[in-house]
Amino acid sequence: MQEVQDSMKQRVGVIGGGQLAWMMGAEAKTLGLELWLQTPNASDPAVARADKTILADLQDITATAKLSEECAVVTFENEFVDLEALGKLAAQGANFRPSLAFLEPLLDKYDQRRCCEKFNILVPHYQAWSLTDGLPEGWQYPLVIKARRHGYDGKGTFVIKNEAELKALPTGLEQTPLLLEAFVPFEQELAVMVARSASGDIRVFPVVETQQIHQVCHWAIAPAAVNNTVEDKVIHIAQTLAENLGLVGIMGIELFLTPAGEVLVNEIAPRTHNSGHFSLDACQTSQFAMQLQAIAGLPLGSPDLLVKGAVMVNLLGFEHSDSDYDHKRQILTQMPDSHVHWYGKAGASPGRKLGHVTITSPTDDRSTLMAIAKKIERLWYAQSDE
Ligand code: ADP
């Protein structure tokens, strides 16, 4: 780590103040680290857990300059960053972890695919594309169209089953650089978190199975019920990317497992990730603590499970409301081995990630864990609380 003043040594800056920074905030306290934020609203979840907040837009480079002057290391809550502007700060000594060089190929889904291929990692068949190009020869439905940048929670991703659906795409997309991608008839969606320290220590968390509905993650089961060969492939991908991209921090990798047992990378998130939330209650070290350890130069903990299995279910908004869903949360809290995390966001809207619940379990049996996930979803999305 660069030379820093003593008073700054234990101070970590985060650009972003949402739920990821909120969960990091609790772990920062446990690790004895001071947490500073740059986030636009005083009502953003992480503000309550930060030692200090610079209230500013995430792209406000003057605010980031101040954050980086005050903190020994600065990290990111999301990948929607302006590399050019941040590069100027890095040249003046700002200590970004992960580094901007690491982030560079990961900000664009097309670049991510190219990067994976460079390391002989399989990805879905793809090409760079624009809606005005028309469908190139050889492409068949179903296919997937994705905005190359700024997509999240399925926003900017469209599964297209026929020409009518292609024609019905929002007109604004014509101006957007896109990725055209073959639809992968996957058997399971998997995900894995991997952390790496500046000295090259790597920790891979248990592989999880995730369930997305309309491109949004609904739940994750740990560990994924996959055979050793598949698990080894996932771990190999995680280690290869972490090492070759020079990760210092943590990243999440979303994958498709095909019926033939192939593992394809769908997406790389250069930060903590929804699919790693289970680690807060089910692992020796959470993904948030691991991220802080990696970027602050502390020894990395163990990512091993403390329990046989776990299921994490996202608590998504399903209405426009100011409700804090207190009654439903109480019911979830009373379930055995339940850990409810409520992010304290101002206002609910359909699909908004308001919280999550993890149930730890004495079994890793997939159908048992899936039944728990379905029970929670029935309860959460039921119109009445009965
Ligand atoms: P986002 O960046 O918004 O999370 P993703 O590219 O990860 O979007 O896609 C969201 C979901 O859409 C995936 O988890 C998967 O369920 C589905 N999906 C994306 N790409 C494909 C594909 N090529 N084949 C099949 N399903 C896909």
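This text goes with the structure placed above it.
Per chain, the residues get numbers from 1 upward, laid out in the order the sequence is written. Given that this is a predicted model, residues contribute local features only at a pLDDT of at least 70 and side-chain atom pairs are listed and counted only at 80 or more, while totals for whole chains, interfaces and linings are drawn from all residues. As a rule here, side-chain values cover all heavy atoms of the structure and leave hydrogens and water aside.

Caption draft 1: Main features of the sheet that holds strand S1 (residues 11–15). Here we have four strands laid out as an open sheet, ordered S3-S2-S1-S4, and parallel in their pairing. If you trace the sheet from one side to the other, it starts and ends with strand S3 (52–55) and strand S4 (73–76), each paired once. Each strand of the sheet is rotated relative to its neighbour by a mean of 20°, with strand direction disregarded. Any two strands with at least two DSSP-identified bridges between them are counted as paired. Helix and strand labels come from DSSP, where a helix needs a run of H or I of at least four residues and a strand needs a run of E of at least two; each type is numbered from the N terminus. As defined by bridge partners, S1 adjoins strand S2 (residues 34–39) across five bridges and the pair is classed as parallel. Looking at the pairing, Gly13 lines up with Trp36 of S2. Contacts were defined at the residue level, with two residues in contact if any of their heavy atoms lie within 4.5 Å. Interaxial angles span 0 to 180 degrees and are taken between N-to-C directions of axes, which are lines fitted to C-alpha atoms, for helices over the stretch in contact. Sheet strands in contact with helix H1 (residues 19–30) are S1, S2 and S4, and its direction is about 165° off that of S2. Those strands touched by helix H9 (residues 287–296) are S1 and S4, and its axis lies near 140° from that of S4.

Caption draft 2: Layout of the packing of aromatic side chains. Pairing of aromatic rings covers Phe, Tyr and the six-membered ring of Trp, with a centre-to-centre limit of 6.5 Å; geometry is then stacked below 30 degrees between planes, edge-to-face above 60, and tilted otherwise. Enumeration over the complete set of coordinates arrives at ten aromatic pairs. Over a ring means this: the NZ of a Lys or the CZ of an Arg is within 6 Å of the ring centre and within 35 degrees of the ring normal. A cation over a ring is seen here: Arg49 above Trp22, with NZ or CZ 3.8 Å from the ring centre.

Caption draft 3: Local environment of the nonpolar core. By size, the foremost hydrophobic cluster in this structure holds 51 residues, and its most contacted members are Leu190, Leu241, Met251, Ile253, Leu255 and Val265. A total of seven residues in this core trace back to one element, the largest contributor, which is helix H7 (residues 228–245). Contacts of Leu255, omitting those with residues within four sequence positions, involve Gln188, Glu189, Leu190, Ala191, Val192, Val234, Ile237, Val263, Leu264, Val265 and Asn266. Residues belong to a common nonpolar core when they are buried Ala, Val, Leu, Ile, Met, Phe, Trp, Tyr or Cys residues joined through side-chain atoms within 4.5 Å. With a 1.4 Å probe rolled over the protein chains alone, any residue whose accessible area is under 20% of its type maximum counts as buried; one over 50% counts as exposed, and the rest are partly exposed.

Caption draft 4: Main features of the sheet that holds strand S8 (residues 178–182). If you trace the four strands from one edge of the open sheet to the other, you get S5-S8-S6-S7, paired in antiparallel fashion. In this open sheet, the two strands that pair with only one neighbour each are strand S5 (126–129) and strand S7 (157–160). Here the average twist between neighbouring strands, direction ignored, is 20°. The sheet contacts of helix H5 (residues 109–118) involve S5, strand S6 (143–147), S7 and S8, and relative to S5 the element is tilted by about 145°.

Caption draft 5: Summary view of the packing of helix H10 (residues 326–333) against helix H11 (residues 366–381). Where H10 contacts H11, the axes come no closer than 10 Å and their chain directions differ by 160°. For the element pair H10 / H11, the angle class is roughly antiparallel. For the element pair H10 and H11, the recorded crossing hand is right-handed. Contacts between H10 and H11 involve Lys328, Arg329, Ile331 and Leu332 from the first element and Ile376, Leu379, Trp380 and Tyr381 from the second. The scheme is simple: roughly parallel for angles under 35 degrees, roughly antiparallel for over 145, roughly perpendicular for 65 to 115, oblique for anything else. Crossings are classed by handedness, with left-handed meaning an anticlockwise turn of the near helix from the far one by less than a right angle and right-handed meaning a clockwise turn.

Caption draft 6: Spatial organisation of the environment of Gly351. Within the secondary structure, Gly351 sits in the loop between strand S16 (338–342) and strand S17 (353–361). Relative accessible area serves as the criterion here: at 34%, Gly351 is assigned to the partly exposed category. Apart from the residues lying within four places of it in its own chain, the contact partners of Gly351 are Leu316 and Gly317.

Caption draft 7: Structural detail: H9. Among the ten residues of H9, ten are classified as buried, and the element is accordingly described as predominantly covered. Within H9, the full set of buried residues consists of Gln287, Phe288, Ala289, Met290, Gln291, Leu292, Gln293, Ala294, Ile295 and Ala296. Looking one or two residues past H9, Gly297 carries a phi angle of roughly 75°, positive in sign.

Caption draft 8: Structural view of the side chain of Asn274. Within the secondary structure, Asn274 is located in the loop between strand S14 (263–269) and helix H8 (279–282). Among all residues touching Asn274, those that are not within four sequence positions of it are Cys217, Met312, Asn314 and Lys353.

Caption draft 9: Fine view of the environment of Ile376. Looking at the secondary structure, you find Ile376 in helix H11. In this structure Ile376 comes out as buried when scored by relative accessible area, which is 0%. Measuring from C-alpha to C-alpha, the distance between Ile376 and Val207 comes to 22 Å, with 169 residues separating the pair along the chain. Those residues within four positions of Ile376 in sequence are excluded, and the remaining contacts are Val313, Leu332, Met335, Val357 and Ile359.

Caption draft 10: Summary view of H10. Residues of H10 that are buried include every one of Lys328, Arg329 and Leu332, and no others. Projected down its long axis, H10 carries its buried residues within an arc of 100°, all on one side. Working note: the arc is built from the helix axis to C-beta atom directions.

Caption draft 11: Structural context of the pattern of salt bridges. Salt bridges are defined as contacts in which a side-chain nitrogen from Lys or Arg sits within 4 Å of a carboxyl oxygen from Asp or Glu. The full count for this structure, using the stated rule, is twelve salt bridges. Ionic pairing is found between Glu209 and Arg366, a salt bridge with its closest N-O pair at 2.7 Å. Here Glu209, found in strand S11 (residues 208–213), pairs with Arg366, found in helix H11; they are 157 residues apart in sequence, far enough to count as distant. Accessibility expressed as a relative area gives 4% for Glu209, which makes it buried. Salt bridges sharing common partners tie together Arg11, Glu34, Lys66 and Glu70.

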